[in-house]
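Understanding the architecture of this molecule
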Amino acid sequence: MALRFEVLGRFNRARAANLTLPHFLCQTPLFMPVGTQGTIKGLTTNQLEEIGCQIILGNTYHLALRPTSELIDELGGLHKFMNWPRALLTDSGGFQMVSLLHLADITEKGVTFQSPVDGKPMLLTPEESIQIQNRIGADIIMALDDVVKTTITGPRIEEAMYRTLRWIDRCIAAHKRPNEQNLFGIVQGGLDPVLRDICVRGLVDRNLPGYAIGGLAGGEDKDSFWRVVAQCTAALPEDKPRYVMGVGYPLDIVVCSALGADMYDCVYPTRTARFGTALVPEGVLKLKHNVMADDTRPIDPTCACMVCKNYTRAYIHCLVTKDAMGSQLLSYHNLFYMMKLSRDLHSSIIEGRFPQYVRVRFSAEDGSPLYLFLSLSHSPCDKCSYGHLCLLEGAELLGSGDEWFHDCVCQFSVDWNDLFSLFPKGDVPEWVCNAMEVAGIDISSCCAPFISSQE
Amino acid sequence: MKFAVKAWSNGRARTGLLHLGNYPNPIETPALLLPTRKGLPYFISPDLLPSLPSPDSHLLQVCPLHFLEGLSPKTISKIGGLHQMVGLPEYGFAAVARDSVQCLPECNSTNKVGASFETPCGRLLIKPADYVEMISSMKPNIWATLADEVPAWVSDKRNKTSVDRTVRWLDECIALSSAGGAVFGSIVGGPSVEERERCAQEVARRNVSGYWIGGLGLGESMDERPALLNAVTHPTVGCGYGENIVISEESKEHRALQRKAILQEEKPRLVCGLGLPEEVLQGVAAGIDLFDSEYIYHLTLGGFALTFPLGGVGINVSSFDPNNLGSDRSKINLRATIYRAYPTWVLTRKDTSPVVENCSCYTCQNHTKAYINHLLNVHEMLAQILLEIHNTHHYLKFFSSIREAIKAGEFEQFRKRFIESRRDHLAVAAVCV
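Naming follows an unreviewed UniProt entry, where chain B appears as Queuine tRNA-ribosyltransferase accessory subunit 2 of Ziziphus jujuba var. spinosa. Quoted verbatim from the Subunit (unreviewed entry) field of UniProt, the annotation for chain B is "Heterodimer of a catalytic subunit and an accessory subunit." Its UniProt record gives chain B the following Sequence similarities (unreviewed entry) comment, quoted word for word: "Belongs to the queuine tRNA-ribosyltransferase family. QTRT2 subfamily."

Per an unreviewed UniProt entry, chain A carries the name Queuine tRNA-ribosyltransferase catalytic subunit 1 and comes from Ziziphus jujuba var. spinosa. For chain A, the Subunit (unreviewed entry) comment in UniProt is given as "Heterodimer of a catalytic subunit and an accessory subunit." The Sequence similarities (unreviewed entry) field of the UniProt record for chain A holds the comment "Belongs to the queuine tRNA-ribosyltransferase family."

Right, dumping it as structure tokens:
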């Protein structure tokens, strides 16, 4: 065991903690960007530190192919190779069983991949995966699990779950650096609660430093997704970190955190950036659209990142999908956004305002962010000649009224984030409502439009 | 914009100080303009720019044609101009219609109405009025007037037309533009010394703040170039290959050269298309102050990192290192497997060194050749970012050493040593084979 997990605050099932790893002291809940091949696409390690990244993922399968784990070991481990001073986590190569299934052959021994680089077969056994990860040197390493797509049915799921349990013992036996690297087990079992339960118990028996909930985020319906997460978080030990693999969308992260998960990873923020999509409190902003060509507002007026502070949507629009700089700037913003989300989750739980945070993420208390502001201030702005009228016109005026908006907001100490919401019309999806009910967080005010009550 | 010449070496090479209104520190010339794509470097993001040498790195080139694919002049004006739009209020921008990578002059389609360019949006005809509209919305510190650039192989008639047009467009641009930004008059003339001289004389008569020398890097050979440059800056009979003439400040030749200058000495000269170090040295020798070059961009895309020694010290032939294969001692190709650092079960070689030892750029301070080799191998964008940072840093230091040599009055020696040392390795390699 090479980590310490200390819960600092709770709200029902949600928890905020300090996760101390060999290379860095992290605060959970946290999101981990994915740097598959030893780099986050388009960003330097300097920028990642500035943004607030705590842990980065590397991928065993890809790094073993290029530049090879032996080389990384020779050069002092992945931390030194890419010059990243904070924490690293390596995936075992298990996910490639799903993503590269057409190139894979799975047996009890391990997974045989056909290399996409040179076509040669590459056998990845639990022992081999752990040895590669030992050489790479990440703070957290993942067990090799037998991963199946959640959209399939039948006996394969059960086979994969039992095999995962048999493989965890082989992983534990092969692990040569338990005092420097933490081996996490991964719960499999598809969408079947019985299978999931057997797997959780089996892994908990092995007393591992941390546990991951795998096999999700693969196209299953959301209602099944949250139920599996809820079941697993309820059964996994309280005093160890819980990592939901492949999640994802900001909404999913908020829900899973409410249900008691701590760690997340996904390519989504950086990948969607390269397609010209920015993450904003209301959801997403597609900068490729022609309407952006003369929109002189920042991507997100509430965001403090250097992209939102210096650039307009119009300029980013002319860069995205055409110039490398567009990818870089959007990736920077999107990761900044995810890191802020992580920090907000952590601090709102510790400061005892987690339910309020969730509620305002979903919708403003009384149906519109601007009405909320109006009801607090009781007077029209003295800088903007429209007065009350401008508020009625909604979000369009934010572009011309930024300054007064900011001044007034400061006066009443309303968090910028509170003023924008994912579901301003109150159309919160049913699965979210169900999940929040289990998590014990009351979002009934978000689910109906224009409630006039205030906190 | 204000410019003043400070020192001379060997008659024509000069250092100067360029003052931009929006940046407190003056920039020394000869200086390099960093190439940009839509106002920002190709790969170095704006928060990484401050790590480059300052104030050297504060001059950027911009091509207005880049914005034709998606950003109207109206929107640019609404945002407040180029500096505001790209978030670099303290940087100096020089706008030139041509960028030597993607917006290339298409002389066959150019006509009396406007100049034609091949761009990512297709072939476009840019009229002086359109060009001035773009410039007015962008408000760069410096801008070159619209020119009809022709390659070296055109007919005399076409070449003459290009000079006439360029001068006419110069007048149109000046007439159409509102005050703001220093106008650099464009001088063309293709491969003809006489036409170049004629054009220079015409432009010198106009009220411009500086000169942009165009039409170079479009097919003329390096040997032909000094004559073409000197035709513009200092035409002197029989001085076609001036790089071997060493002239002292007080000599009669120097005074003769001064008298024959067409362009006003106190106005800066900007040239496009001179990229290689040898070409830059040619330009400096002819009295050029500002260089717009895409050399760094091409190097970066190719996976090259500049390694030539700065300060003009020649390489001792006897110190030839047989392990330095894959390099010509001026740059290294980081895609070469020799930089991979093979693990011990293949070869005994561990390479954890930076691209250039003791280089103070972000890349060399933080990363190794082995890592960059890996990034290139797996096609990761970070490779180009790191290479552009190093190459820009290195090239800016090269310009710095040029300025030092001029100030010490030793420019011609510096140039000679530099060129000789770069040819040394060829001689040695030939012997080894």
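From this point, things continue past the structure.
Moving on: the environment of Gly189(B). Residue and element names in this part refer to chain B. Structurally, glycine 189 is set in the loop between β11 (182–187) and α5 (193–205). What makes glycine 189 buried here is its relative accessible area of 0%. Residues contacting glycine 189, with those up to four places away along its chain left out, are Asn159, Val163, Glu195 and Arg196.

A few words on the interface of chain A and chain B. Tallying the contact residues gives 42 residues for chain A and 45 residues for chain B. With both sides pooled, the region where chain A packs onto chain B buries about 3,600 Å², and carbon together with sulfur makes up 58% of that total. Inspection of the chain A/chain B interface yields 3 salt bridges. One salt bridge connects Asp323(A) with Arg37(B), and the closest N-O pair in it is separated by 2.7 Å. Summed over the shared surface of chain A and chain B, the number is 17 residue pairs in polar contact (both at pLDDT 80 or more). Listed by contribution, the elements that provide at least two residues to the side of chain A that touches chain B are α1 (45–51), α3 (69–74), α4 (78–82), α12 (306–310), α13 (313–319) and α14 (324–350) of chain A. The element best represented in the side of chain A that touches chain B is α14(A), accounting for 6 residues. The residue makeup of the side of chain A that touches chain B, split by class, is 18 nonpolar, 16 polar and 8 charged.

Moving on, we get to the state of the cysteines. Think of a disulfide as a covalent bridge from one cysteine sulfur atom to another cysteine sulfur atom. Counted under the stated rule, the structure contains 0 disulfides over all chains. Of all cysteine sulfurs, the one in Cys199(A) lies closest to Cys171(A), which takes part in no disulfide; the gap is 12 Å. The exposure class of Cys171(A) is buried, given its relative accessible area of 0%. Distance from the sulfur of Cys63(B), which forms no disulfide, to the nearest cysteine sulfur (Cys103(B)) is 4.2 Å.

Our focus in this paragraph is the environment of Gly92(B). Residue and element names in this part refer to chain B. Counting through the fold element by element, glycine 92 comes out in strand β6 (residues 92–95). Each C-alpha atom, one on glycine 92 and one on serine 400, is 18 Å from the other, the two residues being 308 residues apart in sequence. Glycine 92 has contacts with Leu20, His58, Leu59, Leu60 and Asn141, leaving out every residue within four places of it along the chain.

Here the focus is helix α3 (residues 128–138) of chain B. Buried residues of α3(B): Pro128(B), Tyr131(B), Val132(B), Met134(B), Ile135(B), Ser137(B) and Met138(B), and no others. Where α3(B) terminates, the next one or two residues include Lys139(B), which has phi positive at roughly 55°.

Here the focus is the packing of aromatic side chains. For the structure on display, the rule yields 15 aromatic pairs over all chains. Taking the centre distance of 4.6 Å and the plane angle of 75° together, the rings of Tyr249(A) and Tyr268(A) count as edge-to-face. Of this pair, Tyr249(A) sits in the loop between β13 (242–244) and α10 (250–258) while Tyr268(A) sits in helix α11 (residues 268–274), and the two are 19 residues apart along the sequence. With a centroid separation of 5.5 Å and 15° between ring planes, the pair formed by Tyr395(B) and Phe398(B) is classed as stacked. Placement of the pair is Tyr395(B) and Phe398(B) together in helix α12 (residues 381–407), with a separation of 3 residues, close to one helical turn. Assessed through its relative accessible area of 1%, Phe398(B) is described here as buried. Just above the ring of Phe225(A) sits the side chain of Lys222(A); from NZ or CZ to the centre is 5.0 Å. The residue whose ring lies beneath Lys331(B) is Phe304(B), and the NZ or CZ to ring-centre distance is 5.5 Å.

Before going further, it helps to spend a moment on the confidence of the model for chain B. All names here are of chain B. Here chain B averages 85 in pLDDT, and 85% of its residues register 70 or above. Here residues 237–248 is a poorly scored stretch, pLDDT under 50, and it has 19 contacts once near neighbours within four places are set aside; other chains count. Low confidence marks residues 343–348, where pLDDT is under 50. Its contacts with residues over four positions away, or in another chain, come to 6 contacts. Two summary scores accompany this predicted model of the complex, namely pTM at 0.87 and ipTM at 0.88.

With that settled, the discussion passes to the sheet that holds strand β14 (residues 290–292) of chain B. Residue and element names in this part refer to chain B. Across the sheet, 8 strands lie side by side as β4-β14-β13-β12-β11-β10-β6-β5; this open sheet has parallel pairing. The sheet terminates laterally at β4 (31–33) and β5 (59–62), the two strands that pair on one side only. The mean inter-strand angle of the sheet, taken between neighbouring strand axes irrespective of direction, is 25°. When strand β12 (residues 210–213) meets strand β13 (residues 269–272), the two strands line up parallel, connected through 3 bridges. Paired with tyrosine 211 across the two strands is arginine 269, which belongs to β13. Taken strand by strand, α5 contacts β11 and β12, and its axis lies near 155° from that of β11.

Before going further, it helps to spend a moment on the sheet that holds strand β10 (residues 140–142) of chain A. Residue and element names in this part refer to chain A. The 8 strands lie next to each other as β4-β14-β13-β12-β11-β10-β6-β5, forming an open sheet whose pairing is parallel. For this open sheet the edge positions go to β4 (30–33) and β5 (55–59), each flanked by a neighbour on one side alone. Put simply, the sheet's adjacent strands are angled 25° from each other on average, direction ignored. Taken together, the 2 bridges between strand β6 (residues 87–91) and β10 define a ladder with parallel strand orientation. By the bridge assignment for β10, threonine 90 is matched with isoleucine 141.

Turning to the UniProt feature "binding site: Zn(2+)" (unreviewed entry) in chain B, a few remarks are in order. All names here are of chain B. The positions that UniProt labels "binding site: Zn(2+)" (unreviewed entry) are, in the present scheme, Cys359, Cys361, Cys364 and His390. Despite a sequence span of 32 residues, these residues sit close together in the fold, their greatest C-alpha distance being 8.5 Å. With respect to the helices and strands, cysteine 359 occurs in the loop between β16 (331–333) and α10 (362–366). Cysteine 359 sits in the buried class, given a relative accessible area of 9%. Every residue in contact with cysteine 359, bar those within four places of it in the chain, is listed here: Cys364, Gln365, His390 and His393. With respect to the helices and strands, cysteine 361 occurs in the loop between β16 and α10. Since its relative accessible area comes to 0%, cysteine 361 is described here as buried. Sequence-distant contacts of cysteine 361, that is, excluding residues within four places in its chain, are made with Ile389, His390 and His393.

Here we take up the pattern of salt bridges. Applying the stated criterion to the full structure yields 47 salt bridges over all chains. The closest approach of N and O atoms between Asp262(A) and Arg15(A), which form a salt bridge, is 2.8 Å. With a gap of 247 residues between them, Asp262(A) in the loop between α10 and β14 (263–266) and Arg15(A) in strand β2 (residues 14–20) connect regions that are remote in the sequence. Both residues of the pair, Asp262(A) and Arg15(A), count as buried. The closest approach of N and O atoms between Arg205(B) and Glu202(B), which form a salt bridge, is 2.9 Å. With Arg205(B) and Glu202(B) both in helix α5, this residue pair falls 3 residues apart, about one helical turn. Salt bridges linked by common partners bring Glu108(A), Asp146(A), Arg156(A), Glu159(A), Arg163(A) and Arg166(A) together as one network.

Here is what the cut-offs are and how they apply
Residues numbered from 1 in each chain as written. Chains lettered and ligands numbered in written order. Predicted model: local features only at pLDDT ≥ 70, side-chain atom pairs only at ≥ 80, totals over all residues. Heavy atoms only, no water. UniProt positions renumbered as here; feature names shortened; annotations may be inferred. Helix = DSSP H or I, 4+ residues; strand = E, 2+ residues; numbered from the N terminus. Buried < 20%, exposed > 50% of the residue type's maximum accessible area, 1.4 Å probe, protein only. Contact = heavy atoms within 4.5 Å. Buried area = accessible area lost by both parts, 1.4 Å probe. Salt bridge = Lys/Arg side-chain N within 4 Å of Asp/Glu carboxyl O. Polar contact = N/O pair within 3.5 Å; in protein donor to acceptor, adjacent residues only side chain to side chain. Nonpolar A, V, L, I, M, F, W, Y, C, P; charged D, E, K, R; others polar. Disulfide = S-S within 2.5 Å. Phe/Tyr/Trp six-rings, centres within 6.5 Å; stacked < 30°, edge-to-face > 60°. Lys NZ or Arg CZ within 6 Å of the ring centre and 35° of its normal. pLDDT = per-residue confidence, 0-100. Pairing = 2+ DSSP bridges. Axes fitted to C-alpha atoms, helices over the stretch in contact; angles between N-to-C directions.

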